[in-house]
Amino acid sequence: MVKGIRVVLIFIGGLTVWNQSTRSDGRTVAFQDPNRWAKKANASNLALAGHYAQEIMAPDPTNHLGCREPDIDRYGYLRKDIVVNPSHQRDFTVTQRKHFFALDLTQCVDRIRPLMSAIIQSMQLLGPENCALSIVEGRSTDGTFEVLQTLREKVEAMGASFYLATNEANPTKAGDDDKKARVAILAELRNQALAPLLDSPAQYAPDTTILFLNDVAPCAEDILELLHQRIQQKADMTCAMDWTYVGPHPSFYDVWISRGMTGDTFFDLPPSGSYDNHWDLFWNDRPAQNHFYNHKPFQVFSCWNGLVALSAEPFVNGGLRFRGSKPEECVQGEPQILAKDLWKMGHGKIAVVPSVNLAYDVESAQKVKEAKGYVSDWARDGSSQQIEWEPKPPAKVKCMPTPKDQHWLPWDESLDSSDESRVDLR
Ligand SMILES: *[C@@H]1O[C@H](CO)[C@@H](O)[C@H](O)[C@H]1NC(C)=O
């Protein structure tokens, strides 16, 4: 009985995470110019922020999670030389950046150190002058905003560009039932985090990768491995695995969003919403299960799972954006819709990288690293197995507005069916 109650709470908790960032009606967007932030820093939070920022920037930011130094032999090639815009050959400040970190953050000061440390450490390996960091903060009272504000000049001093926007409205006020409206707001927030890239695409290389992070507590190698696999596999999108603790063992978290090449959820969620089957991942998908237990990347229909590496190209050239469901479309999370739109555009090379395992607070993240291992436990030899990409999506995909309400629908339900979609396997 107790277990049943907990399980329901977790599922609601899962949805709550999607509500953390919000749109404001009189939205205040303030990129780069700190004097234009409509939001005022809280003086007592600001007094503490310096200490956080210092720790984040420290040379050994791995301590919280027992993270290891990223493997230079594996990831060093990602750095490459700075691409200098040919029309400004002597101006080394005019470079095309190629790694775009995007986040929507609310009230997460308890894990902001590992989160931002992992980003800073990744940037140091990738070359900060190749990187941009874009954050949309909203509604925090715990110092999240002040820490980010304080980090700004330190990140810029490294040579990376840093964009901080705020967005204060609270979508949970829209009512718990109005999932559709909430997803639309979350989609807009994600797009807002991409705005610096989408507004000035000439500042970015054609093969730019978007690294989109939720408020997870990762290691730098988690970020770098997803980027590495996106490039090595020529993937459109690579995702982590994320976990939560319902009981003593970690349960896969993003069950609302992720779908395998069967079109089904990663584990069977009965109408009761019980997590009793959470241990039985990919129960009806033996190839995926084999790859999962061998810590090798495998193709899926959709995923997000707290952290993704995503090609910027469909956004920049194809007009792709995050969106909520259309009036006639089955209600689903904006990452599942994004995957659907990617498949439609012929960008269905979407994969889970099961050596990357994340959680949403420091204590759970430590436990997950113990239970599932660190990336470097599985990626020591530098070898990687190439995914055999399926060119076609599953005919039907499960849409699940709630556990009680599960439907098998054509994968392209409500999309314009005029053109045949096929993944370009080049
Ligand atoms: C500033 O934040 C502290 C706690 O972080 C809070 O107690 C205080 O009321 C806040 N001050 C203002 C003016 O909002």
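Residues numbered from 1 in each chain as written. Predicted model: local features only at pLDDT ≥ 70, side-chain atom pairs only at ≥ 80, totals over all residues.

(A) Main features of the overall build of the chain. Across its full length, the chain carries 12 helices and 11 strands. Per-residue burial for the chain yields a buried fraction of 48% across its 426 residues. (Helix = DSSP H or I, 4+ residues; strand = E, 2+ residues; numbered from the N terminus. Buried ≥ 20, exposed ≤ 12 C-beta atoms within 10 Å, placed from the backbone.)

(B) Inspection of the nonpolar core at higher detail. Residues Phe100, Phe101, Ile119, Leu133, Val308 and Leu358 are the most contacted members of the largest nonpolar core, which totals 109 residues. The dominant element in this core, judged by the number of residues it contributes, is helix α4 (residues 112-126), at 9 residues. In contact with valine 308, not counting residues within four places along its chain, are Phe212, Leu226, Met237, Thr238 and Cys239. (Core = buried A, V, L, I, M, F, W, Y, C linked by C-beta atoms within 7 Å. Contact = placed C-beta atoms within 7 Å.)

(C) The environment of serine 311, seen in detail. Residue placement: serine 311 occurs in strand β8 (residues 307-311). In the structure, serine 311 is positioned 75 residues away from aspartate 236 in sequence and 5.3 Å away in space, judged by C-alpha atoms. Apart from the residues lying within four places of it in its own chain, the contact partners of serine 311 are Thr209, Asp236 and Met237.

(D) Main features of the pairing of strand β1 (residues 97-105). Burial of β1 is extensive: 9 of the 9 residues sit out of reach of the surface. Note: β1 against strand β4 (residues 204-213), 6 bridges, orientation parallel. Considered in β4, the bridge of phenylalanine 100 is made with isoleucine 210. Relative to strand β2 (residues 131-137), β1 runs parallel, the two sharing 7 bridges. In the sheet register, leucine 103 faces β2, and the bridge partner there is isoleucine 135. For the crossover that starts at β1, traverses α4 and ends in the parallel β2, the hand is right-handed. (Pairing = 2+ DSSP bridges. Right-handed = clockwise from strand over helix to strand, strands pointing away.)

(E) Region of the structure containing the packing of helix α2 (residues 43-57) against helix α5 (residues 144-158). At their nearest, the axes of α2 and α5 sit 8 Å apart, and the two run at 50° to each other. Classified by the angle between their axes, α2 and α5 sit oblique to one another. As for how α2 packs across α5, the hand of that crossing is right-handed. Every residue of α5 that contacts α2 at Asn45, Leu46, Ala49, Gly50, Tyr52, Ala53, Ile56 and Met57 is listed here: Glu146, Val147, Thr150, Leu151 and Lys154. Looking at the contact of α2 with α5 residue by residue, the classes come out as 8 nonpolar, 3 polar and 2 charged. (Axes fitted to C-alpha atoms, helices over the stretch in contact; angles between N-to-C directions. Parallel < 35°, antiparallel > 145°, perpendicular 65-115°, else oblique. Left-handed = near helix turned anticlockwise from the far one by under 90°. Nonpolar A, V, L, I, M, F, W, Y, C, P; charged D, E, K, R; others polar.)

(F) Focus on the packing of α4 against helix α7 (residues 220-232). Relative to each other, α4 and α7 sit at 55°, their axes nearing to 8 Å. As summarised for this structure, α4 and α7 are arranged oblique, according to the angle between their axes. Crossing handedness for the pair α4 and α7: right-handed. Taken together, the residues of α7 that come into contact with α4 (itself represented by Ala118, Ile119, Gln121, Ser122 and Leu125) are Ala220, Asp222, Ile223 and Leu224. The class makeup of the residues in the contact of α4 with α7 is 6 nonpolar, 2 polar and 1 charged.

(G) Region of the structure containing the environment of valine 362. For valine 362, the location among the structural elements is in helix α11 (residues 362-372). On the neighbour-count criterion, valine 362 (16 C-beta atoms within 10 Å) is partly exposed. Separated by 297 residues in sequence, valine 362 and leucine 65 have C-alpha atoms that sit 7.1 Å apart. What valine 362 contacts, discounting residues up to four positions off in sequence, is His64, Leu65, Asp110, Arg111, Pro114 and Ala217.

(H) Focus on the environment of proline 250. As for its position among the elements, proline 250 is in strand β6 (residues 250-252). Put simply, proline 250 and tryptophan 279 are 29 residues apart on the chain and 8.4 Å apart in space, counted from C-alpha to C-alpha.

(I) Structural detail: helix α6 (residues 179-199). Compared with the 30 Å implied by 1.5 Å per residue over 21 residues, the 29 Å span of α6 between its first and last C-alpha is a close match. The axis of α6 is deflected most strongly, by about 50°, at alanine 193, and proline proline 196 appears within four residues downstream. (Expected span 1.5 Å × (residues − 1). Bend = angle between axes of the 7 residues up to and from the residue.)

(J) Geometry of unusual backbone geometry. Look at asparagine 305: it is not a glycine, yet its phi comes out positive at around 60°. With respect to the secondary-structure elements, asparagine 305 resides in the loop between β7 (298-299) and β8. For asparagine 305, a count of 27 C-beta atoms within 10 Å translates into the label buried. If you check the backbone angles, serine 414 has positive phi at about 75° while not being a glycine. Structurally, the position occupied by serine 414 is in the segment after β11 (405-410).

(K) Representation of the confidence of the model for the chain. In the predicted model, the chain carries a mean pLDDT of 86, and the fraction of residues at 70 or more is 82%. Segment residues 1-36 is flagged for pLDDT under 50; beyond a separation of four residues in sequence, or across chains, it makes 60 contacts in the model. (pLDDT = per-residue confidence, 0-100.)

(L) Main features of the pairing of β4. A large share of β4 lies buried, amounting to 7 of its 10 residues. Bridge count for β4 against β8 is 5 bridges, and the pairing is antiparallel. For phenylalanine 212, the partnering residue across the bridge sits in β8 and is valine 308.

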